Amino acid sequence: MRLTDSSVEPTRLHLWGARAALEVRCPLPGVLRIRHAPSSAGVGFAHPQLASKQSWAVIADEARPLQVRRDGETFHITAEGAALELSSANGTWSFRDTDGRVLARCESVSGESSPNMPLNHHRARLALHAPEDEAYLGFGEKVGPLDKRGMRLTFWNTDVMPHHPDTDPLYISIPFSLGLREGIAWGFFLDETWRSEVDVAYGEPDRVRWESWGPELDVYLIVGPHPADVVRRYATLTGRPPLPPLWSLGAQQSRWGYESADDIQGVIQAYRSRGLPLDAVYLDIDYLDAYKVWTWDRSRFPDPQGLMHEAESAGVRVVPIINPNVKAEPGYPTYEEAKERDYLVRADSGDVLVGEVWARPAVFPDFTRDEVQQWWGDWHREFLEQGISGFWNDMNEPACFELLEATGSVSAMGGRMEEAKRREGKTLPYAARHGKRRHLEVHNVYGMAMTKAAFEGFRRHAPERRPFLLTRAGYAGIQRYAAAWTGDNSSYWEHLVLSMPMLMGLGLSGVAFTGVDIPGFIGRPSAELFARWTQLGTFYPLMRNHAAKPMPFQEPWRFGEKHLALAKAALERRYRLLPTLYSLMHEASETGLPVLRPLLMLDPADVEALRAFDQLLFGRDLMVAPMTKPGHTKRMVYLPKGQWLEWPNLEKARAVREGGQHIIAEGPLDTVPIWLRAGGAIALTKPALHTTTANWEHIEWHIHAGPDVRARLYEDEGDGYGESRTSSITGGFDRGRFVLERRVQGNLAPVRKTETLFLYGLKGVRSVTGALELGSWKDSVLEVPMSANWDRLVVNV
């Protein structure tokens, strides 16, 4: 990739040669963008200029200034927070932070483009040096441990049923990674929607090799130094998740096989009669009339609006599945409109592409076009008016079970090209036409474009409500529109374990609102697996029980009274946690930091924390180490550095343990091992059958006294865009006293008159100032009643 000419502008460095071109920009502080076009001369007609490009993922570009100095064949580029040394001899570079540390080194860039039928051939490749002690995290929805070093990964959204602990690719493609070495983090984002792959020091132990099946490598390099800094910058680049409605954080029940309104009413009644918390029930494809999207089977669901009203009167919201395919049935309005307006994906030949996805025959809206997104978004209106509360976008990789009509163009030698039908997995052919683009380029954004259409349609037609969308497929930036779940998992203990690094990997990749099907979509879970998975699911941002139609029912009461009691305890624990979970979701909407975090977020230099992929942090203060094997009541747990209060089930506190060591944790069947970090504080409320408002009537603060206490509680009405209130608590030890101060921002009036503080980790108490009364000291816990408007508490110890 030889670059012989250059142009330096205030915010852009452009280099080019006979075949290749390259561009450097700084979209944000601490972020550099490098567009590599190694075969630019063989692509289009603009060389040496690079064609304009509209990113699906990137929403922030501040065009920060560059300082460029040339020294022979080396360009020294400095921008706010980052620096680059680039060789014009071969297009390679070194990426540095402001301290001069080399964060990444590109060792080769190459590629080729050539005409072909039915698609032109493109490849673009980039190799990075992989230091022996560097870990690579993120990569979106991927199996394996947190550190993906030694794996080869493909980014191609794929309908997989069932998937296994070694399955790749899956449903969501996010080509973002976070490098971590000696406690210093940096980020790499390949903003290419084309099919792509990465070899993470698998083929060569000292190389990370990226390859795109497109003509470019559009790379964003992100400085740290902390992993949280990388995640924040990446979220600023690609967007932060909106704050979801409170009800979507409650318990959710789903099944492919709730076949009638009677079934839905029965599920809700069964939950309520047993005193089980529940906020949402899902409708799978059973509600549709002959699998036609935007319809109801009126023989089984005769009064959708009445069903919504009845469910809502019980405190339950209804969320239907929406698949992207449209049944090709004459007279069916959705199909007729799409056909008349030319909104459908076409085969290579130009004919409308026809396949089967439940509906047979089925056609596919081209969501890559703005006018199709607008049209699809408007189809949500009637469902919203009927009382639907959210939408579940499934099969949007897009899945296609069988191709019925996908003919290719006539080849130069005559006859139809079978190559035009070539596809990878159960989806559309590489050569399918999306306007001016081919499916090979836009496949990975199809589901995201569908979800964007749904989100924007929801906002147009119910502007007073916050959209709730759940999607199976997506690309970088999907967090702006929807929650995501990990698809068709199975009822295996291995999948329970797998859920933790998968959700943490998604969180590091910008997707904070995530969950998995509890206790597995496919299979026959044992009562013990159901109980353990429900206990872990308490801490998933999205807590949904979901099962496949041929499998046994797995609602909480299906496993006997003993395990029903365990499930009820776990669900009530979830609802006690909602003030903290809601505040963490609000934090994600402001910073991009996920709810579920790997232990290394506390100490990025701690190698043991990196390896602990079967434990997780809930925010920055709670650590959860679920039981992950059948029949086990003890497990090895790693405590990061610092002090940790053993607090199983968020109930009776036990001993404070010193971190930086492994311990044996006790976990009988009714117990979830949990620890509260020194300096950590969380807010709990009382359990409830369903959510109402996030202006909490009851709040308990549980605080592990330490040198640096920081806590935050965000409150509002739980939906809409009205007033809010944020309470921030800071404190620590000061000359024989433990001092807490609270600051409140926002205009939302509190509905409670008091709060209760539970303080752990104190050696003793001599006096308390600032409380409504002295409080009680029992079993090394200080319980203090406070006014709801308190601003300072002093404990003399």
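What comes next is a walk through the structure. (Residues numbered from 1 in each chain as written. Predicted model: local features only at pLDDT ≥ 70, side-chain atom pairs only at ≥ 80, totals over all residues. Heavy atoms only, no water.)

Quick word on the sheet that holds strand β46 (residues 725-734)
Right, on to step 1. Taken together, five strands build an open sheet; the order of strands is β45-β46-β47-β52-β49 and the sheet is antiparallel. With partners counted over all chains shown, the strands left at the sheet margins are β45 (709-715) and β49 (767-769), one partner each. Each strand axis lies, on average, 10° off the axis of its neighbour in the sheet, ignoring direction. (Pairing = 2+ DSSP bridges. Helix = DSSP H or I, 4+ residues; strand = E, 2+ residues; numbered from the N terminus. Axes fitted to C-alpha atoms, helices over the stretch in contact; angles between N-to-C directions.)

What about the packing of aromatic side chains?
Right, on to step 1. Scanning the model with the defined rule gives 35 aromatic pairs in all.
Right, on to step 2. With 5.4 Å between their ring centres and 80° between their planes, Trp156 and Tyr430 make a pair best called edge-to-face. Taken as a pair, Trp156 in the loop between β12 (151-155) and β13 (172-173) and Tyr430 in the loop between β26 (402-405) and β27 (433-434) lie far apart in primary sequence, 274 residues in all. For the pair shown, Trp156 and Tyr430 are each scored as buried.
Right, on to step 3. The ring of Phe553 has Arg255 sitting right over it, with the charged end atom 4.0 Å from the ring centre. (Phe/Tyr/Trp six-rings, centres within 6.5 Å; stacked < 30°, edge-to-face > 60°. Buried < 20%, exposed > 50% of the residue type's maximum accessible area, 1.4 Å probe, protein only. Lys NZ or Arg CZ within 6 Å of the ring centre and 35° of its normal.)

A word on the layout of surface pockets
Right, on to step 1. There is about 1,000 Å³ of room inside the largest pocket.
Right, on to step 2. Contributing to the lining of the largest pocket are 39 residues, with Val43, Ala51, Trp194, Pro215 and Glu441 lying nearest its centre.
Right, on to step 3. Where the lining of the largest pocket is concerned, the elements lending two or more residues are β4 (31-37), β9 (102-114), β28 (437-438) and α7 (439-461).
Right, on to step 4. With three residues, α7 is the largest single contributor of residues to the lining of the largest pocket.
Right, on to step 5. Residues belonging to the lining of the largest pocket are distributed by class as follows: 14 nonpolar, 15 polar and 10 charged.
Right, on to step 6. Taken as a whole, the second largest pocket holds about 880 Å³ of empty space.
Right, on to step 7. Elements with a contribution of two residues or more to the lining of the second largest pocket: α1 (227-238), α10 (561-591), β39 (643-646), β43 (681-684), β45 and β46.
Right, on to step 8. Top element by residues in the lining of the second largest pocket is α10. It accounts for six residues.
Right, on to step 9. Of the residues belonging to the lining of the second largest pocket, the class tally is 17 nonpolar, 10 polar and 11 charged. (1 Å grid on protein atoms, 1.4 Å probe; cavity = no way out; pocket = protein on both sides within 12 Å on 5 of 7 lines; lining within 4 Å. Points joined across faces, edges and corners; volume = space filled by probe spheres on them. Nonpolar A, V, L, I, M, F, W, Y, C, P; charged D, E, K, R; others polar.)

Regarding the environment of Lys148
Right, on to step 1. Relative to the helices and strands, Lys148 is located in the loop between β11 (135-138) and β12.
Right, on to step 2. What makes Lys148 buried here is its relative accessible area of 1%.
Right, on to step 3. Sequence spacing of Lys148 and Val230 is 82 residues, and the spatial spacing of their C-alpha atoms is 17 Å.

Overview of the pattern of salt bridges
Right, on to step 1. Counted under the stated rule, the structure contains 72 salt bridges.
Right, on to step 2. Close ionic contact of Asp97 with Arg101 constitutes a salt bridge, the shortest N to O distance being 2.7 Å.
Right, on to step 3. Exposure remark for Arg101: the relative accessible area of 32% places this residue in the partly exposed category. (Salt bridge = Lys/Arg side-chain N within 4 Å of Asp/Glu carboxyl O.)

Concerning the side chain of Lys148
Right, on to step 1. It is Asp147 that comes nearest to the buried, bridge-free Lys148 among opposite-charge side chains, at 7.8 Å.
Right, on to step 2. Discounting chain neighbours no more than four positions away, the residues touching Lys148 are Tyr136, Gly138, Phe139, Lys142, Val143, Leu153 and Val200. (Lys, Arg positive; Asp, Glu negative; His and termini not counted. Contact = heavy atoms within 4.5 Å.)

As far as function goes, none of this settles anything; it's purely spatial.
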